[in-house]
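Residues per chain, in single letters:
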Amino acid sequence: MYTSVTNRRSFIKKMAIMSAMTAAATMFPGVMFASEQEQKLPKGGNLDWKKAPCRFCGVGCGVLVGIEEGKAVAVKGDPKSSVNKGLCCVKGYHSVMAMYGKDRLTKALVKKNGKYVETSMKEALDLIASKMKETIKDHGKDSVSIYGSGQWTIPDGYVASKLFKGCIGTNNVEANARLCMASAVTGFLTSFGIDEPMGCYEDIDHADVFVLWGNNMAEMHPVLFSRMLDQRLKRGVKIIDFATRTTRTSMAADKSILFLPQTDLAVANAICYEIIKNGWVNKSFVEKHCNIKKGITNMGYGLEDKYKFTDKPEEISFEQYKEFLEDYSPEKVEKISGISAKDIKYMASYYGDPNKKIMSLWCMGPNQHTRGTWINNLIYNIHLLTGKISTPGNSPFSLTGQPSACGTVREVGTLTHKLPHGVVMNKKHRELAAKIWDVPVENIDPKPTYHTVEMFRALDRGDIKFMWIQVTNPMVTMPKLKRYRDATKKEGRFIVVSDIYPTPTTDIADVILPSAMWVEREGMYGNSERRTQYFEQMVNPPGEAMSDTWQLIEVAKRMGFEKQFYYKEETHIEEIYNEYRRHHEGKKHAMAPLEVLKSQPGAQWPYVDGKSTQWRFNAKYDPACSNGEEFHFYGKKDGKAIIWQRPYEPAPEEPDTEYPYWLCTGRVIEHWHTGSMTRRIPVLHKAMPHGYVELNPNDAKRMQIKTGDNVRLTTRRGEMILPAAVNERGVPAPMQVFVPFFDENMLINDLTLDAFCPISKQPDYKKCAVKAEKA
Amino acid sequence: MPIKSYLAHPHNGQKETLIQELSALKNCEVIPAENKEVLIVVTDTDSKAEEDIIKEQLEAITSLKLLAMVSGFNTPIKN
Ligand code: SF4
């Protein structure tokens, strides 16, 4: 087709302007440009725009990808998407560039005599299948494993689970979401009996107050944060940042409250104490819809191999709970938390005010926590005591980090104990899965095997011999990394890695498979607000790169499971999704039909009678409510949510004289997790080229350290040298340091501790003791 | 045919100077934000050499604190 060069140039120029405007909107919420410029936004051009969910975080923005001559060349926010209403953040804008890094993996590589040799995909898949069969024959079914990710599409995770749990018969299926979302899951299951938030992003448009619990939303959930700031401009809402470090979020908030690591447990209890003391309890709500329970305390921290824990819940009375909270008066908690009683009362007063709608938002702070399940429970307690839940604007909202941590890991159930519907321990759930998977029910093992940390420990011990890793980079992200890196190199281990670029994880592989990325294949993601979004294949993957779904299907067929993996190449995604939907039939979790997902920017489950459900457990919005009351917490048999009595307990490793600082790790806005994709996007790499250690300015001054100076960090696991950042993007509290984990040349996880929450088994990357000194 | 857009951040209190200095450059369009200390800069050049020159000119501006590229489109001419 002929296009005039002038038109084309002006179109492209307008696109460039629009990208910049939207990037500015992310960085400067509320920024305005002359309206006359906005009207010049491109309308034509010869780009073919196709819709997809963004793949760079759990917000799940709807984007439009501009395709030209078989190449994805531009991205804009989808104005039809209720998630982002046309907005995007810097990562979203540059997402297509992540597909075109110079060193994309395009051929299968097999390690022969210590060197990688290019082979055909066919040969590599043959080798994987035969190696798996041989390992199972020699060492049993539990010697093979798969480790996936919250970036797996729904079909990827589904076929992985079907192959390993249904066909091979091992529960050695885990995903990196164990490292980021497991405490959220166990928080939901213990408090409500069913996973995922009851509310939705539209809560932002109704709430009067937002309390961010250890959640740097300005960098991690930028589009949602922009929506909150927009509400502040329009309606004067209040944003309270409750965190351990001063970040861009704290700077934009109305109030920043800093607490000492781990003491969020005590502060949450103090808020409940205040709610009860001041008569702010919504008595009829609590009486009708809640039970109160306590569990085992002093659970330990999972530091030893083969650690096991099972909670023993026990019903308690409101009076007993009230008595327990006596230890958590604001005045008492002030002493351990480092925040004033006045600030605790300030937060409690918003939760208690019946005229204020309130949202609590959190992500890694409460989840990567050795008492992660507890702190999730405690935040729910606050909302349950006041009845501020499941109504527009009253919403405890656990955010996800990855594009399909919810959709794939939590809903498909790619964790050792899970099935697409329910858990392996439940006979009925096994029967349903076996029926849909067309396998004998005895194939599905009723016993979960290893959670992520334990799976890598099993690899180290030799209990696991074969591991297939897809779309994730554990050789950067595992805590106490050295032990697990050494494990992979041991004799008799066989590691397969499917990825799009070389990473420290492909470095330890015996076979590397080139994967198709995002819109190079067809798939679906599920975001933080239960929204499932579909994307079609828009461009061809490079070389022999293949989707993770199809890699698994090819291996499954070679292992003799043709009957279960009957899918046709042209229609397999549709066939898999339709099969998957059968696991979730019913009003509590029904998924939208594929045609619906194709026609609109996603749909929220439960999708019943042609409608998404925005607020669960509220009879006005949720057709699954059936108790005749206003609310119905139907995840629990008696329809009641649980208020949990959970105490404050210290972290496993606290600063002492030898290691006097707290070490906290985390992310930055420019990079997606370990940076394997975003560090190949020149603009983002230039904006954030390498790791660093943030120090408190007073600590830095005392040690005579300036930005850029080398700092040596030492923990009981190892030491490393990083450049200092003082008064830069984030400012840690005194005697705390922060290091981002995106830089594979500065592997901070060599220093972190592999302690985890005994209930969720999610490691705590936010707290260990470290020594910091000028190098 | 490179077209690039940037976010330009002025030094404190120097937004107006930066607007003027940028507007004086050939092949460079400036769109200042109305309410924040940031400007959008779009460069539209015919060749890599021109692009390099303008990049140098931009970097020499003293009222400019930081220049962050947002998008770079290299448009092939098609018939
Ligand atoms: S906020 Fe998340 S989903 Fe939205 S554009 Fe940015 S990275 Fe993508």
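Structure first, text after, so check above.
All values derive from a computational prediction rather than experimental measurement.

Got a sec to walk through the overall build of chain B? Specific residues and values, please.
From N to C terminus, chain B includes two helices and four strands. Its helices and strands taken in sequence order, chain B reads β-α-β-β-α-β from the N to the C terminus. Put simply, chain B has 79 residues, and 46% of those count as buried. Surface accessibility of chain B: about 4,000 Å² in total, with carbon and sulfur atoms responsible for 49%.

Let's hear about unusual backbone geometry: which residues, and what values?
Residues and elements named next belong to chain A. The linkage connecting tryptophan 605 with the following residue, proline 606, adopts the cis geometry, with an omega of -10 degrees. Locating proline 606 in the fold gives a position in the loop between strand 21 (603–604) and strand 22 (641–645). With a phi close to 40 degrees, tryptophan 518 is a non-glycine residue in the positive phi region. Residue position: tryptophan 518 is located in the loop between strand 18 (511–514) and strand 19 (523–526). Among the residues examined, tryptophan 518 registers a relative accessible area of 3% and is labelled buried. With a phi close to 70 degrees, phenylalanine 617 is a non-glycine residue in the positive phi region.

Tell me what's going on with the site of the ligand, and back it up with residues and numbers.
Around the ligand sit Cys54(A), Phe56(A), Cys57(A), Gly60(A), Cys61(A), Cys89(A), Gly92(A), Pro222(A) and Val223(A), and those are all the residues in its vicinity. When grouped by side-chain class, the residues that make up the shell around the ligand number seven nonpolar, two polar and no charged.

An account of the environment of Val70(B) is needed here, citing residue identities and associated values.
Here Val70(B) lies in strand 4 (residues 64–74). On the accessibility criterion, Val70(B) (4% relative accessible area) is buried. It is 5.5 Å that separates the C-alpha atoms of Val70(B) and Ser5(B), two residues lying 65 residues apart in sequence. If we skip the residues at most four places from it in the chain, Val70(B) touches Ser19(A), Ala20(A), Ala23(A), His94(A), Val683(A), Ser5(B), Tyr6(B) and Leu7(B).

Talk me through the sheet that holds strand 15 (residues 395–398) of chain A; I want residue IDs and the actual numbers.
All names here are of chain A. Here five strands make up an open sheet; going across it, the order is 11-9-8-14-15 and the pairing parallel. Looking at the sheet topology across the chains shown, the edges are occupied by strand 11 (255–258) and strand 15. In this sheet, neighbouring strand axes are inclined to one another by 15 degrees on average, regardless of whether the strands run parallel or antiparallel. With five bridges connecting them, strand 8 (residues 209–213) and strand 9 (residues 238–243) associate as parallel partners. Each residue of the ladder has a partner; that of tryptophan 213, found in strand 9, is phenylalanine 242.

Break down the pattern of salt bridges for me, with residues and values.
All names here are of chain A. Applying the stated criterion to the full structure yields 57 salt bridges over all chains. We note a salt bridge from arginine 235 to aspartate 208, for which the minimum N-O separation is 3.8 Å. With a gap of 27 residues between them, arginine 235 in helix 8 (residues 222–235) and aspartate 208 in the loop between helix 6 (182–192) and strand 8 connect regions that are remote in the sequence. The class for aspartate 208 is partly exposed, based on a relative accessible area of 25%. Between arginine 483 and aspartate 460 there is a salt bridge whose closest N-O contact spans 2.7 Å. With arginine 483 in helix 21 (residues 481–488) and aspartate 460 in helix 19 (residues 452–461), this pair connects stretches of sequence that are 23 residues apart. Owing to a relative accessible area of 12%, aspartate 460 belongs among the buried residues under this scheme. Taken together, the shared-partner salt bridges in this structure form one network comprising Asp305, Glu454, Arg457, Asp460, Arg461, Asp463, Arg483, Lys490 and Asp754.

Tell me about the sheet that holds strand 4 (residues 108–112) of chain A, residues and numbers included.
Residues and elements named next belong to chain A. The seven strands lie next to each other as 5-4-18-17-16-6-7, forming an open sheet whose pairing is mixed. One side of each edge strand has no neighbouring strand; the edge strands of this open sheet are strand 5 (115–119) and strand 7 (173–175). In this sheet, neighbouring strand axes are inclined to one another by 20 degrees on average, regardless of whether the strands run parallel or antiparallel. Direction of pairing for strand 6 (residues 144–148) relative to strand 16 (residues 466–470): parallel, over a ladder of four bridges. Note on strand 16: the bridge partner recorded for tyrosine 147 is isoleucine 469. Against the sheet, helix 22 (residues 548–558) touches strand 6, strand 16, strand 17 (494–499) and strand 18, its axis set at about 150 degrees to strand 16.

Which residues make up the nonpolar core, and what are the values?
All names here are of chain A. Membership of the largest hydrophobic core comes to 88 residues, with the highest contact counts inside it found for Phe192, Trp213, Ile271, Tyr321, Leu384 and Phe633. When residues in this core are grouped by element, the largest group, 10 residues, is from helix 10 (residues 264–277). The next biggest cluster of nonpolar side chains, apart from the first, holds 80 residues, and it includes Ala16, Ile17, Val83 and Leu224.

Tell me what's going on with a negative patch on the surface, and back it up with residues and numbers.
The grouping of Glu319(A), Glu323(A), Glu326(A) and Asp327(A) at the surface amounts to a negative patch. Assignment of secondary structure puts Glu323(A) in helix 12 (residues 318–325).

Explain the state of the cysteines to me, and be specific about the residues and the numbers.
With the rule as written, the count across this model stands at zero disulfides over all chains. Cys88(A) takes part in no disulfide bond, and the closest cysteine sulfur to it belongs to Cys61(A), at a distance of 5.8 Å.

I'd love a proper account of the pairing of strand 4 of chain A, names of residues and values included.
All names here are of chain A. Across five bridges, the pairing between strand 4 and strand 5 is antiparallel. Bridge assignment links lysine 111 to a residue of strand 5, and that residue is tyrosine 116. Bridge analysis of strand 4 against strand 18 gives two bridges, and the strand direction is antiparallel. Bridge pairing links leucine 109 to isoleucine 512 in strand 18.

Explain the packing of helix 19 of chain A against helix 21 of chain A residue by residue, including any values.
Residue and element names in this part refer to chain A. It is at 8 Å that the axes of helix 19 and helix 21 come closest, and there the two elements cross at 45 degrees. On the basis of their axis angle, the class for helix 19 and helix 21 is oblique. In the packing of helix 19 onto helix 21, the handedness of the crossing is left-handed. Side by side, helix 19 and helix 21 meet where Val453, Phe456, Arg457, Leu459 and Asp460 of the first sit next to Arg483, Tyr484, Ala487 and Thr488 of the second. Its residues placed into classes, the contact of helix 19 with helix 21 shows five nonpolar, one polar and three charged.

Got a sec to walk through the pairing of strand 23 (residues 661–666) of chain A? Specific residues and values, please.
Residue and element names in this part refer to chain A. Within strand 23, six of the six residues are buried, leaving the element largely enclosed by the surrounding structure. Across the two faces of strand 23 the burial is the same, with Tyr661, Leu663 and Thr665 and Trp662, Cys664 and Gly666 all buried. Pairing between strand 23 and strand 29 (residues 768–774): three bridges, direction antiparallel. The partner of tryptophan 662 across the bridge, within strand 29, is alanine 769. Judged from the five bridges that link them, strand 23 and strand 28 (residues 736–740) form a sheet pairing that is parallel. Bridging across to strand 28, tryptophan 662 finds its partner in glutamine 736.

Tell me what's going on with the packing of aromatic side chains, and back it up with residues and numbers.
Residue and element names in this part refer to chain A. Scanning all chains against the criterion turns up 29 aromatic pairs over all chains. Here the aromatic rings of phenylalanine 56 and tryptophan 672 are separated by 6.1 Å at their centres, their planes lie at 55 degrees, and the arrangement is tilted. Taken as a pair, phenylalanine 56 in the loop between strand 1 (48–53) and strand 2 (62–68) and tryptophan 672 in the loop between strand 23 and helix 25 (682–687) lie far apart in primary sequence, 616 residues in all. Assigned by exposure class, phenylalanine 56 and tryptophan 672 land together as buried. Through successive ring pairs, a cluster of aromatic residues spans Phe188, Phe192, Phe285, Trp362, Tyr380, Phe617, Phe631, Phe633 and Tyr634. In this structure, lysine 71 packs its charged tip against the face of tyrosine 100, placed 4.7 Å from the ring centre.

Cut-offs applied
Position labels on residues start from 1 in each chain and follow its written sequence. In the order they appear in the text, chains get letters beginning with A and ligands get numbers beginning with 1. Local features in this predicted model are restricted to residues whose pLDDT is 70 or higher, and side-chain atom pairs enter the listing and the counts only when it is 80 or higher, whereas totals over whole chains, interfaces and linings include all residues. Excluded from the side-chain calculation are hydrogens and water; included are all heavy atoms of the structure. Numbering of helices and strands runs from the N terminus; a helix is a DSSP stretch of H or I covering at least four residues, while a strand is a stretch of E covering at least two. Relative accessible area decides the class of each residue, using a 1.4 Å probe on protein chains only: under 20% of the type maximum gives buried, over 50% gives exposed, and in between gives partly exposed. Note on areas: Shrake-Rupley with a 1.4 Å probe; residue coverage comes only from the protein chains shown. Whether a residue is near a molecule or strand depends on its heavy atoms: it is near if one of them lies within 4 Å of it. Side-chain classes follow a simple rule in which Ala, Val, Leu, Ile, Met, Phe, Trp, Tyr, Cys and Pro form the nonpolar group, Asp, Glu, Lys and Arg form the charged group, and the remainder, Gly included, forms the polar group. Every residue pair with non-hydrogen atoms within 4.5 Å of one another is taken to be in contact. Only when DSSP finds a minimum of two bridges between them are two strands counted as paired. Note on geometry: axes are C-alpha line fits, over the in-contact stretch for helices, and angles between N-to-C directions span 0 to 180 degrees. By definition, a salt bridge exists where a carboxyl oxygen of Asp or Glu is found within 4 Å of a side-chain nitrogen of Lys or Arg. By nonpolar core is meant a set of buried Ala, Val, Leu, Ile, Met, Phe, Trp, Tyr and Cys residues that side-chain atoms within 4.5 Å join together. Note on patches: the residues involved have over 30% relative accessible area and no salt bridge, like charges join within 9 Å, and the nonpolar side chains Val, Leu, Ile, Met, Phe, Trp and Tyr join within 5 Å. Only four residue types enter the charge count: Lys and Arg as positive, Asp and Glu as negative, with His and the chain ends excluded. Taken as the charge centre is NZ of Lys, CZ of Arg, CG of Asp or CD of Glu, depending on the residue. Any pair of cysteine sulfurs within 2.5 Å is marked as a disulfide. Any angle between 65 and 115 degrees counts as roughly perpendicular, while under 35 counts as roughly parallel, over 145 as roughly antiparallel, and the rest as oblique. Handedness of each helix crossing follows the sense of rotation of the near helix against the far helix: counterclockwise by less than a right angle gives left-handed, clockwise gives right-handed. Each aromatic pair joins two rings of Phe, Tyr and Trp (for Trp, the six-membered one) with centres within 6.5 Å, and gets the label stacked for planes under 30 degrees apart, edge-to-face for over 60, and tilted for any other angle. For a lysine, the NZ atom is tested; for an arginine, the CZ atom; a charge sits over a ring if that atom is within 6 Å of the ring centre and within 35 degrees of the ring normal.

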